[in-house]
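Analysis of the macromolecular model
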Amino acid sequence: MLSPEYLAQCTSYLLGMMDLVNEQLVADIARRIVKTGALTESAQFEAEKLTQQNILYKDIVNSISKVSGLTEAEITRVFEEANFENMESENLRAAIAGKTPIDHASNVAMGNLLSSHIRKTKGVVKNLTRTTASQGQNAFINAVNLANMQVNSGAFTYDFAIKNAIKQVAKSGLTVQYPTGHIDKLDVAVRRAVLTGVNQSSAELNMLYCDEIGTDLVEVTAHSGARPSHADWQGGVYSLSGKSKGYGSFYDITGYGTGEGLCGWNCRHSFYAYYEGTERTYSKEYLDSLDSKTYEYDGETYTNYEAGQKQRSYERAIRAEKRYFAGLNSAYNETKDDTLRQSLKYEMERSAVDLKRKEAELKHFCKATDRHIDTIRTQVYAIRDVSGKIIGFDRSAAQRAIDLTIKGDKIILGKSAFLESDYIPQWKGKFDNKEVRLWYVHKTGKIPKQTDQILDLEERAKMACRLRNKYRFEAREMMRDQSERKRLDYKDPIKSFEELIKEKMDDLGLDRLAATEYILNSATRTRKSVNRKLGLEK
């Protein structure tokens with residue numbers, strides 16, 4: 001299963017790369033606007049415009065080709081990471097249901113399916129970005145024509161016309177054109193292509209998983225702000241064959257396989273194997289309450305969906321301001337006109353203030369509406385050659401701090417970075433029991449912070465239980481001694497929320513409410529005897 005939250009952020013680093021490419025290309029266009037816009041004589045203007053638009057086309061093609069390999073590598077990483085997240089989630093559910101997990105890493109059919117989707121998505125993105133050069137050329141022509149017309153009309157000064165032309169280009173940034181003729185922003189098109197590819201890949205792999213493990217039932221994820229046609233079926237359990245008694249037809253109800261349906265265009269829903277008799281992830285009460293909460297900000301009331309749209313609006317404005325600043329800076333460095341340089345300098349100062357103001361507004365809005373800012377997208381840094389062209393990308397120091405290097409069987413990772421990192425495939429069977437226990441204790445200690453926004457007690461307890469089970473399963477995967485792991489699986493199996501409720505009610509004589517509170521409060525507790533044995537406690 002890929003959660004809606006996971007799907008929302010899995011392309012963030014790739015989009016950060018696209019943002020930097022966008023800024024570079026806007027800066028290149030701005031530089032050429034200055035070169036051409038200074039000419040007022042018609043013949044000279046048209047000649048220089050033709051020269052610059054042809055050079056620009058070649059430069060954009062060159063810039064895109066320089067980063068295409070890096071883009072493709074990031075697409076591969078996104079798919080492989082999503083596949084691991086998805087399959088490990090399926091295996092955890094299978095283990096809780098008493099089924100034998102599938103070794104997806106060595107499954108040939110699953111591997112071939114994943115590779116096919118990666119190739120397909122790379123092809124889609126490559127075809128889209130090929131159109132960026134002609135779209136960039138069009139943006140330059142429209143902007144420089146506007147500047148020339150405004151100056152010749154006598155209604156605007158030269159420096160105002162140049163700034164206005166740069167702002168026009170920066171507003172939307174670079175675009176792509178689909179075969180249908182539809183034009184979209186570069187980052188929007190890339191996100192749509194990769195997100196759709198990742199979700200459809202995971203969906204088809206889950207179909208294979210259900211077939212191999214022997215279940216006809218699947219449960220669909222749910223999230224707030226779903227489009228109305230999807231809200232009708234989200235969170236439900238359905239029959240793949242349409243023949244399981246008591247369950248609706250998966251294809252008929254969700255529209256799976258169509259662009260408008262489940263796992264279609266820009267859809268953040270996914271599904272996973274469901275085993276009859278196990279607990280449901282989403283209760284009716286939870287689904288009914290998904291969009292009931294409202295937020296107050298600056299005298300306005302927002303639903304969760306509306307708050308999400310408002311946040312996206314802030315983020316788009318910030319990216320446009322960054323592109324505008326990059327364009328102004330490029331024009332400032334290009335021009336020899338003192339009046340224009342001074343005007344551009346003042347405008348850059350104003351743009352820098354506006355950028356800080358917009359970033360502060362986003363921060364305040366997100367705090368007031370319990371939303372998270374996508375910091376991954378802003379933690380991408382460009383590596384440039386001597387001419388200023390992007391030749392690579394790097395994460396910020398904060399992001400690099402949690403990266404790891406694997407040499408053979410040895411994992412090189414600082415203690416704090418290790419504890420903060422999420423489990424990855426390379427960790428399987430690589431750690432001794434003390435290291436595993438340290439990681440597990442640290443992760444379970446963070447469960448309250450991960451669940452404190454959930455108001456309903458039982459829903460909060462369910463989430464705490466799911467997180468603890470996830471960390472327990474991953475910790476056992478990390479163990480170097482897998483024979484000890486098998487002993488643990490037999491002696492202390494991972495249990496579902498409902499199994500724990502029954503256990504506490506039967507063994508401790510608690511009612512359901514008290515048992516729920518017990519599970520919630522014990523989610524962060526680990527056995528002191530085990531911790532002492534491994535030297536974690538005295």
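The present account deals with the structure reproduced in this document. As the structure is a computational prediction, the values presented were derived from the model and not from experiment.

Structural notes on the overall build of the chain
The number of helices and strands found in the chain is 21 helices and 12 strands. Structurally, the chain occupies a C-alpha span of about 90 × 55 × 55 Å along its principal axes. Relative to its full complement of 538 residues, the chain shows a buried share of 47%. Taking the contacts inside the chain whose residues are at least 6 apart along the sequence as the reference set, 69% of them involve residues at least 24 apart. Carbon and sulfur atoms make up 52% of the accessible area of the chain, which amounts to about 26600 Å² in all. The averaged location of the 74 negative side-chain charges in the chain is 4 Å from the averaged location of its 80 positive side-chain charges.

Here's the deal with the environment of Gly277
Note on placement: Gly277 falls in the loop between strand 6 (271–273) and helix 10 (284–289). Judged by relative accessible area, which is 76%, Gly277 ranks as exposed. Remark: the alpha-carbon pair of Gly277 and Ala97, spanning 180 residues in sequence, is separated by 8.9 Å.

Description of the pattern of salt bridges
For the structure on display, the rule yields 35 salt bridges. In this structure, Asp28 and Arg31 form a salt bridge, with 2.6 Å as the shortest nitrogen-oxygen distance. Of the two residues, Asp28 and Arg31 both sit in helix 2 (residues 12–37), three residues apart, roughly one turn of that helix. Residues Glu219 and Arg280 are paired through a salt bridge, measuring 3.4 Å at the closest nitrogen-oxygen approach.

What about the packing of helix 3 (residues 42–96) against helix 4 (residues 108–130)?
In contact at an axis separation of 10 Å, helix 3 and helix 4 are set at 145 degrees when each is read in the N-to-C sense. Here helix 3 runs over helix 4; the crossing is right-handed. Where helix 3 abuts helix 4, its residues Ile64, Thr71, Glu72, Ile75, Thr76, Phe79, Glu80, Asn83 and Met87 lie against Met110, Leu114, His117, Ile118, Thr121, Lys122, Val125, Lys126 and Thr129. Within the contact of helix 3 with helix 4, the residues separate by chemical class into eight nonpolar, six polar and four charged.

Side note on unusual backbone geometry
The backbone of Asp298 sits at a positive phi, close to 55 degrees, despite the residue not being glycine. Tracing the chain through its elements places Asp298 in the loop between strand 7 (294–297) and strand 8 (300–303). The phi dihedral of Asp370 falls on the positive side, at around 55 degrees, and the residue is not glycine. Following the sequence through the fold, Asp370 ends up in the loop between helix 12 (338–368) and strand 9 (380–384).

Let's talk about the packing of aromatic side chains
According to the stated counting rule, one finds 15 aromatic pairs in the structure shown. Relative to Phe160, the ring of Phe156 lies with its centre 5.1 Å away and its plane at 10 degrees, an arrangement referred to as stacked. Phe156 sits in the partly exposed class, given a relative accessible area of 35%. Geometrically, the ring pair formed by Trp439 and Tyr471 is edge-to-face, given 6.2 Å between the ring centres and 90 degrees between the ring planes. One end of the pair, Trp439, is in helix 15 (residues 433–445); the other, Tyr471, is in helix 17 (residues 457–478), with 32 residues separating them in the sequence. An aromatic cluster is present here, built from Phe84, Tyr423, Trp427, Phe431, Trp439 and Tyr471 joined pairwise through their rings. We note Arg93 situated over the ring of Tyr272; from NZ or CZ to the ring centre the distance is 3.9 Å.

Comments concerning the environment of Glu435
Tracing the chain through its elements places Glu435 in helix 15. Owing to a relative accessible area of 31%, Glu435 belongs among the partly exposed residues under this scheme. As a C-alpha pair, Glu435 and Ile183 span 252 residues in sequence and 52 Å in three-dimensional space.

Description of the side chain of Thr526
One can find Thr526 in the loop between helix 20 (512–522) and helix 21 (528–533). Reaching out from Thr526, the side chain makes a polar contact with the side chain of Asn531 at a distance of 3.0 Å.

Digging into the side chain of Glu459
Structurally, Glu459 can be placed in helix 17. Although Glu459 lies buried, it forms no salt bridge, and the closest oppositely charged side chain, Lys462, sits 4.3 Å away as judged by the N-O distance. With near-sequence residues (within four places) excluded, Glu459 lies in contact with Thr281, Ser283, Tyr286 and Ile454.

A closer look at the sheet that holds strand 3 (residues 217–220)
Strands sit in the order 5-4-3-6 across an open sheet of four strands; the sheet is mixed. The strands lining the two open edges of the sheet, one partner per strand, are strand 5 (248–249) and strand 6. Judged from the three bridges that link them, strand 3 and strand 6 form a sheet pairing that is antiparallel. Bridged to Val220 within strand 6 is Phe271. Across the sheet, helix 7 (residues 186–213) touches strand 3 and strand 6, and the angle it forms with strand 6 is around 15 degrees.

Some thoughts on the pairing of strand 8
A regular strand carries its side chains on alternate faces of the sheet. Sheet analysis places strand 7 next to strand 8, joined by four bridges and oriented antiparallel. Counted as the bridge partner of Thr294 is Thr303 from strand 8. Taking the residues that link successive antiparallel strands as the turn, the strand 7-strand 8 hairpin has two residues, and the phi of Asp298 there is positive, at about 55 degrees.

What about helix 17?
The first and last C-alpha atoms of helix 17 sit 32 Å apart over 22 residues, in line with the 32 Å expected at 1.5 Å per residue. Of all 22 residues that make up helix 17, 16 are buried, and the element is covered over most of its length. The N-terminus of helix 17 is capped by Asp456, whose side-chain oxygen sits 3.2 Å from the backbone nitrogen of Glu458.

Rules behind the numbers
Residues numbered from 1 in each chain as written. Predicted model: local features only at pLDDT ≥ 70, side-chain atom pairs only at ≥ 80, totals over all residues. Heavy atoms only, no water. Helix = DSSP H or I, 4+ residues; strand = E, 2+ residues; numbered from the N terminus. Buried < 20%, exposed > 50% of the residue type's maximum accessible area, 1.4 Å probe, protein only. Contact = heavy atoms within 4.5 Å. Areas by Shrake-Rupley, 256 points an atom, 1.4 Å probe, with all protein chains shown as cover. Lys, Arg positive; Asp, Glu negative; His and termini not counted. Charge placed at Lys NZ, Arg CZ, Asp CG, Glu CD. Salt bridge = Lys/Arg side-chain N within 4 Å of Asp/Glu carboxyl O. Axes fitted to C-alpha atoms, helices over the stretch in contact; angles between N-to-C directions. Left-handed = near helix turned anticlockwise from the far one by under 90°. Nonpolar A, V, L, I, M, F, W, Y, C, P; charged D, E, K, R; others polar. Phe/Tyr/Trp six-rings, centres within 6.5 Å; stacked < 30°, edge-to-face > 60°. Lys NZ or Arg CZ within 6 Å of the ring centre and 35° of its normal. Polar contact = N/O pair within 3.5 Å; in protein donor to acceptor, adjacent residues only side chain to side chain. Pairing = 2+ DSSP bridges. Expected span 1.5 Å × (residues − 1).

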